[in-house]
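Structural overview for review
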Amino acid sequence: MKVLITGSSGQLGKAVVEVFFKDGMDVYPVPHSRVDITDRNMVDGIIKAYLPDVVINCSAFTDVDLCEREIDRAFNVNAIGAKNLALASRKYDTHLIHISTDYVFDGKKDSPYIEFDRPNPINIYGKSKLEGENFVKTFSQKFTIVRTSWLYGDGNNFVKKIVERARQEKVIKVVDDQFGSPTYTYDLAEALLAIAKSEVYGLYHFANTGVVSRFQEANFIIERLKLDTEVIPVKSEDYITLAERPRYTPLKNYLLELEGVFYGRDWESAMEEFLFKER
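Let us look at the structure shown here. Starting from 1, residues in each chain are numbered consecutively following that chain's sequence as written. Local features in a predicted model are, by the rule used here, given only for residues with pLDDT of at least 70; side-chain atom pairs are given and counted only at 80 or more, and totals for whole chains, interfaces and linings are based on all residues. Note: side-chain values were computed over all heavy atoms of the structure, leaving out hydrogens and water.

1. So, unusual backbone geometry
The phi angle at Leu-51 is positive, at roughly 45°, despite the residue not being glycine. Helix and strand labels come from DSSP, where a helix needs a run of H or I of at least four residues and a strand needs a run of E of at least two; each type is numbered from the N terminus. With respect to the secondary-structure elements, Leu-51 resides in the loop between helix H2 (40-50) and strand S3 (54-57). Relative accessibility decides the category of a residue: with a 1.4 Å probe and only protein chains considered, values under 20% of the type maximum give buried, values over 50% give exposed, and everything between is partly exposed. Leu-51 sits in the partly exposed class, given a relative accessible area of 47%. In this model, Lys-226 sits at a positive phi of 55°, which is unusual for a non-glycine residue.

2. Thoughts on the nonpolar core
With 82 residues, the main nonpolar core has Val-16, Phe-20, Ile-56 and Leu-192 as its most contacted residues. The greatest single-element share of this core, amounting to nine residues, is contributed by helix H7 (residues 185-198). Joining through side-chain atoms within 4.5 Å is the link that ties buried Ala, Val, Leu, Ile, Met, Phe, Trp, Tyr and Cys residues into a set, and such a set is a nonpolar core. Grouped together as the second largest cluster of nonpolar side chains are six residues, Val-104, Phe-105, Tyr-113 and Leu-251 included.

3. Let's talk about helix H1 (residues 11-22)
Under the 1.5 Å per step criterion, the end-to-end length of H1 is 18 Å for twelve residues, consistent within 8% with the ideal 16 Å. All buried positions along H1 are accounted for by Gln-11, Leu-12, Gly-13, Ala-15, Val-16, Val-17, Val-19 and Phe-20. Note on definitions: a residue-residue contact is assigned when non-hydrogen atoms from the two residues lie within 4.5 Å. In this structure, the buried side of H1 is in contact with strand S1 (2-6), strand S2 (26-30), S3, strand S4 (95-101), strand S6 (151-152) and H7. Backbone geometry just downstream of H1 places Gly-24 in the positive-phi region, at approximately 95°. Between the first and last residue of a helix there are one fewer steps than residues, each counted as 1.5 Å, and that sum is the expected span.

4. Considerations on the environment of Phe-220
Among the structural elements, Phe-220 can be located in helix H8 (residues 214-225). Classification of Phe-220 as buried rests on a relative accessible area of 8%. Linking Phe-220 and Met-271, residues 51 residues apart in sequence, is a C-alpha distance of 9.0 Å. Those residues in contact with Phe-220 that lie beyond four places of it in its chain are Trp-267, Glu-268, Met-271 and Glu-272.

5. Details of the packing of helix H6 (residues 158-168) against helix H10 (residues 267-278)
Where H6 meets H10, the closest approach of the two axes is 12 Å, and the angle between their N-to-C directions is 50°. On the basis of the axis angle, H6 is oblique to H10. Taken as a pair, H6 and H10 cross one another with a handedness that is right-handed. Residues Val-159, Lys-160 and Val-163 of H6 form the contact with H10, whose participating residues are Met-271, Phe-274, Leu-275 and Glu-278. Classification convention: Asp, Glu, Lys, Arg as charged; Ala, Val, Leu, Ile, Met, Phe, Trp, Tyr, Cys, Pro as nonpolar; all other residues, Gly among them, as polar. Looking at the contact of H6 with H10 residue by residue, the classes come out as five nonpolar, no polar and two charged. Each axis is a line fitted through C-alpha atoms, taken for helices only over the stretch in contact, and angles between the N-to-C directions span 0 to 180 degrees. With respect to orientation, any angle under 35 degrees is reported as roughly parallel, any angle over 145 as roughly antiparallel, any angle of 65 to 115 as roughly perpendicular, and every other angle as oblique. Each crossing gets its hand from how the near helix is turned against the far one by less than a right angle, where anticlockwise is left-handed and clockwise is right-handed.

6. Thoughts on the packing of aromatic side chains
For this analysis, a ring pair means two rings from Phe, Tyr or Trp (six-membered ring only for Trp) whose centres lie within 6.5 Å, classed as stacked if their planes differ by under 30 degrees, edge-to-face if by over 60, and tilted for the remaining angles. According to the stated counting rule, one finds twelve aromatic pairs in the structure shown. When the ring of Phe-105 is compared with that of Tyr-113, the centres are 4.0 Å apart and the planes differ by 15°; the resulting orientation is stacked. Since its relative accessible area comes to 0%, Phe-105 is described here as buried. Under the relative-accessibility criterion, Tyr-113 is labelled buried at 4%. A connected cluster of aromatic rings, assembled from ring pairs, spans Tyr-152, Tyr-184, Tyr-186 and Phe-274. Each ring is checked for a lysine NZ or an arginine CZ that lies within 6 Å of its centre and within 35 degrees of its normal; such an atom marks a charge sitting over the ring. The ring of Trp-150 carries the charged tip of Arg-214 above its face, separated from the ring centre by 3.6 Å. Its guanidinium or amino end placed over the ring of Tyr-186, Lys-277 lies 5.0 Å from that ring's centre, counting from NZ or CZ.

7. A closer look at the pairing of S1
Counting buried positions over the five residues of S1 gives four, a clear majority of the element. We treat two strands as partners when DSSP finds at least two bridges between them. Pairing geometry for S1 and S2, over five bridges, is parallel. Across the sheet, residue Thr-6 finds its bridge partner in S2, namely Val-30. The path from the first strand over the helix to the second decides the hand: if it runs clockwise while the strands point away from the viewer, the crossover is right-handed. The parallel pair S1 and S2 is bridged by H1, and the resulting crossover is right-handed. Bridge analysis of S1 against S3 gives four bridges, and the strand direction is parallel. If you follow Val-3 over to S3, its bridge partner there is Val-54.

8. Points about the sheet that holds S4
Taking strand neighbours across the sheet as the criterion, the six strands line up as S2-S1-S3-S4-S5-S10 in an open arrangement whose pairing is parallel. The open sheet has two edge strands with one neighbour each: S2 and strand S10 (202-205). Averaged over all pairs of adjacent strands, the angle between strand axes in this sheet comes to 20°, irrespective of strand direction. As paired elements, strand S5 (residues 143-148) and S10 share four bridges and run parallel to each other. When the sheet's bridge partners are listed, Val-146 is paired in S10 with Tyr-204.

9. Some thoughts on the state of the cysteines
Here, two cysteine sulfur atoms that lie within 2.5 Å of each other are counted as a disulfide. Scanning the model with the defined rule gives zero disulfides in all. Cys-67 provides the cysteine sulfur closest to Cys-58, a residue in no disulfide bond, and the two sulfurs are 17 Å apart.

Have a look at this one:
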């Protein structure tokens, strides 16, 4: 199977390249420096050149606060970029796997979100990603949209920020009223591999299982690494950010499990593996 991966030098892209390569796939990594997905002709050209069976879109503008300042860039990358890939994938009969986010939800639900829940994003990042989903649904003939939550791996993420702060400070403050499902990039990559091999189409959720607050997640990290740092819980109102964050966006892998495609492990096991590697 020939697999082209956009955003291959990013946090998720690196994991996807490694997992698919180890499985024996014919992998074509395409970093942003080589292809700008906001350029329709460039996207068409790269897919025409390789004619892959599957395209996995790991390209995204994921800085939630910066999206509020750079609105055009957010919609260009997260929405128009997805549209360009959808148009090219339809033209060349390619299966497009597009990565989306839990931030398409408003966080007002009191149980994990499933694929049948209605999106209602409350910040520019979430809105731009939802428009990307809509473009993929509209313009791609063979597509799989995969929403994920609180991603971490080899890149800039919450887990690494907590580790860095804990090694420099004796006391750190972390919000205790935002809940999600921390997800390891390599676990998501394994789910994407199962999706590609099973030719599964439609909208799916994948996250490591379980629900945790940012405060609980930070405590877990510090305890496992045996760092001498105290974590103090604060409310979102006390920790002002440019973009509003939804308070509760854990994802349930409802359809992947219902259809028997892939079963994710719990977030604690995945994070322990990641932290062991980080040591």
